[in-house]
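Summary of the model geometry
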Amino acid sequence: MAFGMEAQQLVRLGKVLATSDHASVVSINLFVALICGCIVIGHLLEERRWMNESITALVIGVCTGVLILLTTKGKSSHIFIFSEDLFFIYLLPPIIFNAGFQVKKKQFFRNFMTIMLFGAVGTLISFFIIFFGAIALLRNMDIGSLDIGDFLAIGVIFSATDSVCTLQQVLNQDETPLLYSLVFGEGVVNDATSVVLFNAIQNFDHAHIDAIIILKIVVDFGYLFLSSTLLGAFGGLLSAYIIKKLYIGRHSTNREVALMILMAYLSYMLTELLNLSGILAVFFCGIVMSHYTWHNVTECSRVTTKHAFATLSFIAETFLFLYVGMDVLDIEKWKFVSNSPGKSLSVSSILLGLVLVGRAAFVFPLSFLSNLTKNSPHERIIFKQQQVTIWWAGLMRGAVSIALAYNQFTRSGHTELRGNAIMITSTITIVLFSTVVLGLVTKPLVSFLLPHSAKHLSSSVSSEPSSPQSLLSSLLEHGQGSEVDGGGEILTRPSSLRMLLSKPTHTVHYYWRKFDNAFMRPVFGGRGFVPFSPGSPTEQSLHGRI
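What counts and how
- Residues numbered from 1 in each chain as written.
- Predicted model: local features only at pLDDT ≥ 70, side-chain atom pairs only at ≥ 80, totals over all residues.
- Heavy atoms only, no water.
- Helix = DSSP H or I, 4+ residues; strand = E, 2+ residues; numbered from the N terminus.
- Buried < 20%, exposed > 50% of the residue type's maximum accessible area, 1.4 Å probe, protein only.
- Contact = heavy atoms within 4.5 Å.
- Areas by Shrake-Rupley, 256 points an atom, 1.4 Å probe, with all protein chains shown as cover.
- Salt bridge = Lys/Arg side-chain N within 4 Å of Asp/Glu carboxyl O.
- Phe/Tyr/Trp six-rings, centres within 6.5 Å; stacked < 30°, edge-to-face > 60°.
- Lys NZ or Arg CZ within 6 Å of the ring centre and 35° of its normal.
- Disulfide = S-S within 2.5 Å.
- Axes fitted to C-alpha atoms, helices over the stretch in contact; angles between N-to-C directions.
- Parallel < 35°, antiparallel > 145°, perpendicular 65-115°, else oblique.
- Left-handed = near helix turned anticlockwise from the far one by under 90°.
- Nonpolar A, V, L, I, M, F, W, Y, C, P; charged D, E, K, R; others polar.
- pLDDT = per-residue confidence, 0-100.
- Core = buried A, V, L, I, M, F, W, Y, C linked by side-chain atoms within 4.5 Å.
- Expected span 1.5 Å × (residues − 1).
- Bend = angle between axes of the 7 residues up to and from the residue.

A few words on the overall build of the protein chain. Helix and strand counts for the protein chain come out as 21 helices and two strands. Taken over 546 residues, the protein chain has a buried fraction of 49%. Across the protein chain, every contact between residues at least 6 apart in sequence was considered, and the portion connecting residues at least 24 apart equals 80%. Element-wise, carbon and sulfur atoms account for 67% of the exposed surface of the protein chain, whose accessible area totals about 25900 Å².

If you want it as structure tokens, here you go:
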């Protein structure tokens with residue numbers, strides 16, 4: 001008798017598991033079909049002035065959510081439950097790695113100090129403005145029980161920009177390399193800074209915050225930032241050394257590609273395992289791999305890796321925007337604010353206003369400080385064309401904000417607290433508004449701010465010196481000994497200290513190239529430094545170019 005009951009229970013369990021598996025298969029099929037639809041529709045709307053693929057995926061996600069909501073009679077609007085693990089472990093790494101792998105390194109490092117000012121210091125300024133503004137404006141609105149830790153998290157959540165949306169909508173790397181490097185670099189550093197800062201504030205007692213605690217948070221942030229960068233660079237160098245020494249491409253290009261992908265992912269996961277910033281690690285791993293490892297593999301592997309990384313990144317981006325669109329209509333969260341929709345709208349409006357103010361509070365002052373270090377007026381960040389574009393490009397909020405909000409205000413994607421539900425719905429509202437409404441205005445606004453002549457100027461300014469006089473000056477700065485100008489006057493090469501004070505980025509880049517050519521490339525390979533061997537990659541290129 002007992003055996004028969006156990007058998008019946010096993011049969012029921014098997015049916016439940018079969019039903020669950022069938023539902024999972026249906027969900028996966030539907031999501032894959034939606035991604036295919038986004039690709040096709042995005043291609044058809046490629047030439048549209050107002051639309052882009054991120055808005056297309058978001059709109060399709062919202063429409064799908066409405067259909068699911070009607071089909072389930074108001075019980076659910078999405079086919080997946082949002083998971084921070086899904087986002088941070090599977091979707092974010094390929095996006096950030098491809099960003100580092102495809103970046104123009106010379107432009108990125110030439111503007112490195114400005115990028116760090118915007119991405120790290122600017123994020124901290126925005127964080128404090130949103131944090132104090134939220135405390136002052138939201139505490140008396142009766143939105144639920146939010147403690148000091150929640151307000152700190154709000155400051156971080158709405159300081160995180162959406163670099164994916166920014167890069168898709170705003171700029172082209174070939175037309176505006178200077179602006180692209182600034183917006184792109186700031187976006188990646190901002191994401192990393194936000195995640196590192198979010199993790200840092202979780203480790204301290206929020207009930208006793210004083211100057212010492214704030215100083216410890218800043219020190220902890222600096223440690224996480226530096227150690228994550230070094231660990232990511234080490235992963236890239238290790239892959240370059242292994243592929244250069246073993247010549248894996250002699251026998252199988254598949255092994256080369258697999259090793260690059262797995263080493264990049266390993267650097268991310270190892271950094272997360274050590275409670276560091278995987279975003280920074282995988283970003284700099286991508287930069288190092290593109291500088292060394294990519295030149296050590298066969299020509300076939302170069303083409304494969306370039307397109308494989310870009311494809312994985314594209315699919316992950318589309319998946320994220322699709323899910324955000326579906327999650328907009330999540331009934332569980334909206335039912336908490338259904339009795340007071342005006343209050344929810346007020347909270348969203350206040351937070352959006354703080355985002356605008358926080359963004360402006362660092363873009364324009366830090367641009368002014370950056371311009372003080374530029375000797376040539378052509379290298380400065382112009383207010384109308386460039387500073388306003390940088391300010392606007394960073395107003396988008398996306399998947400990082402959603403993931404951090406879910407981490408802080410939900411448990412396994414669910415919440416039963418009114419205050420937490422209001423913050424989730426406010427985050428979703430701001431992400432939807434900034435991506436769709438601000439995103440629709442972005443392309444025509446940038447076209448107005450950056451006419452063709454300004455784009456051409458930006459491109460020429462950020463490229464190598466083109467005029468004979470500037471080229472002569474560059475050669476004199478980096479030459480040896482003394483030179484004679486056109487009038488016969490002897491020009492003495494400036495000292496290293498004078499070079500560093502007058503043109504710090506150019507000088508650092510010059511000495512880095514000398515160090516790279518003398519020590520790094522002979523060991524780790526790279527363009528022009530891969531020795532010829534049967535089955536090994538070779539390339540005809542200038543010695544020492546980046």
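Alright, that's what it looks like, and here's the rest.
The next thing to look at is the pattern of salt bridges. The final tally for this structure, using the stated rule, is three salt bridges. Note that Glu186 is salt-bridged to Arg359, the shortest N-O span being 2.5 Å. With Glu186 in helix α8 (residues 177-202) and Arg359 in helix α14 (residues 341-372), this residue pair connects regions lying 173 residues apart in the sequence. Exposure remark for Glu186: the relative accessible area of 2% places this residue in the buried category. In this structure, Arg521 engages Asp516 in a salt bridge whose closest nitrogen and oxygen atoms are separated by 3.1 Å. Asp516 carries the same exposure label as Arg521, and that label is buried.

Within this structure, the stated rule accounts for 15 aromatic pairs. Centre to centre, the rings of Phe127 and Phe131 are 6.1 Å apart; their planes meet at 10 degrees, and the pair counts as stacked. One end of the pair is Phe127 and the other is Phe131, both in helix α5 (residues 112-138) and four residues apart, which spans about a single turn. Of the two residues, Phe127 and Phe131, both sit in the buried class. Each member of the aromatic cluster is reached from another via a ring pair, and the members are Phe127, Phe128, Phe131 and Phe132. Residue placement shows Arg302 over the ring face of Trp294; its charged tip is 5.6 Å from the ring centre.

Let us look at the state of the cysteines. What the rule picks out here adds up to zero disulfides. With no disulfide of its own, Cys36 lies 9.3 Å from the sulfur of Cys38, the closest cysteine sulfur. Of the residues examined, Cys36 reaches a relative accessible area of 43% and is grouped as partly exposed.

Now for the packing of α5 against α8. Two measures define how a pair of helices packs: the angle their axes make with one another and the distance between the axes. It is the contact of α5 with α8, at a shortest axis distance of 8 Å, that shows an interaxial angle of 45 degrees. Taken together, α5 and α8 sit at an angle that is classed as oblique. In this structure, α5 meets α8 at a crossing whose hand is right-handed. Residues Thr114, Ile115, Met116, Phe118, Gly119, Ala120, Thr123, Leu124 and Phe127 of α5 lie in contact with α8, whose contacting residues are Ser181, Leu182, Gly185, Glu186, Val189, Asn190, Thr193, Ser194 and Leu197. Residue composition of the contact of α5 with α8, grouped by class: nine nonpolar, eight polar and one charged.

Turning our attention to the side chain of Ser277. Relative to the helices and strands, Ser277 is located in the loop between α10 (253-273) and α11 (278-296). With residues near it in sequence (within four places) discarded, Ser277 still touches Ala192, Val196, Ser228, Thr271 and Glu272.

Here we take up the packing of helix α2 (residues 53-71) against helix α17 (residues 418-449). α17 packs onto α2 with a crossing angle of 130 degrees between their chain directions and a minimal axis gap of 10 Å. Taken together, the axes of α2 and α17 are oblique relative to one another. For the pair α2 and α17, the sense of crossing is left-handed. Every residue of α17 that contacts α2 at Ile55, Leu58 and Val62 is listed here: Leu432, Thr435, Val436, Gly439 and Leu440. Taken together, the residues of the contact of α2 with α17 break down into six nonpolar, two polar and no charged.

Let's shift gears to the confidence of the model for the protein chain. For any part of a model where pLDDT is low, the fine detail of the predicted coordinates should not be relied upon. When pLDDT is averaged across the protein chain, the result is 75; 72% of the residues are at 70 or more. Within the protein chain, the lowest mean pLDDT, 36, falls on helix α19 (residues 468-478), and the highest, 91, falls on α10. This stretch, residues 453-502, has a pLDDT under 50; its non-local contacts, to residues over four places away or in other chains, come to 62 contacts. Here residues 531-546 scores under 50 on pLDDT; set against residues more than four positions off or in separate chains, the count is 41 contacts.

Within soluble globular proteins, side chains that are nonpolar tend to cluster in buried spots. Judged by nonpolar contacts, the single largest core of 120 residues is most densely connected at Ile154, Phe158, Leu351 and Met423. Ranked by the residues each element gives to this core, the list is headed by α8, at 15 residues. Residue contacts for Met423: discarding those within four places in its chain leaves Ile143, Leu146, Ile154, Phe158, Val347, Leu351 and Phe409. Of all hydrophobic cores here, the second largest spans six residues; its members include Leu237, Ala240, Val288 and Met520.

What follows deals with helix α3 (residues 84-102). Spanning 19 residues, α3 covers 26 Å between terminal C-alpha atoms, matching the ideal 27 Å at 1.5 Å per step. Of all the bends in α3, the greatest reaches close to 50 degrees and is centred on Leu92; the proline Pro93 follows between one and four positions later.

It is worth spelling out the environment of Leu366 at this point. As for its position among the elements, Leu366 is in helix α14. Along the sequence, Leu366 and Gln387 sit 21 residues apart, while their C-alpha atoms lie 9.9 Å from each other. Among all residues touching Leu366, those that are not within four sequence positions of it are Leu117, Phe118, Val121 and Gly122.

The backbone phi angle of Tyr247 is positive, close to 50 degrees, even though this residue is not glycine. Its location among the elements puts Tyr247 in the loop between α9 (211-246) and α10.

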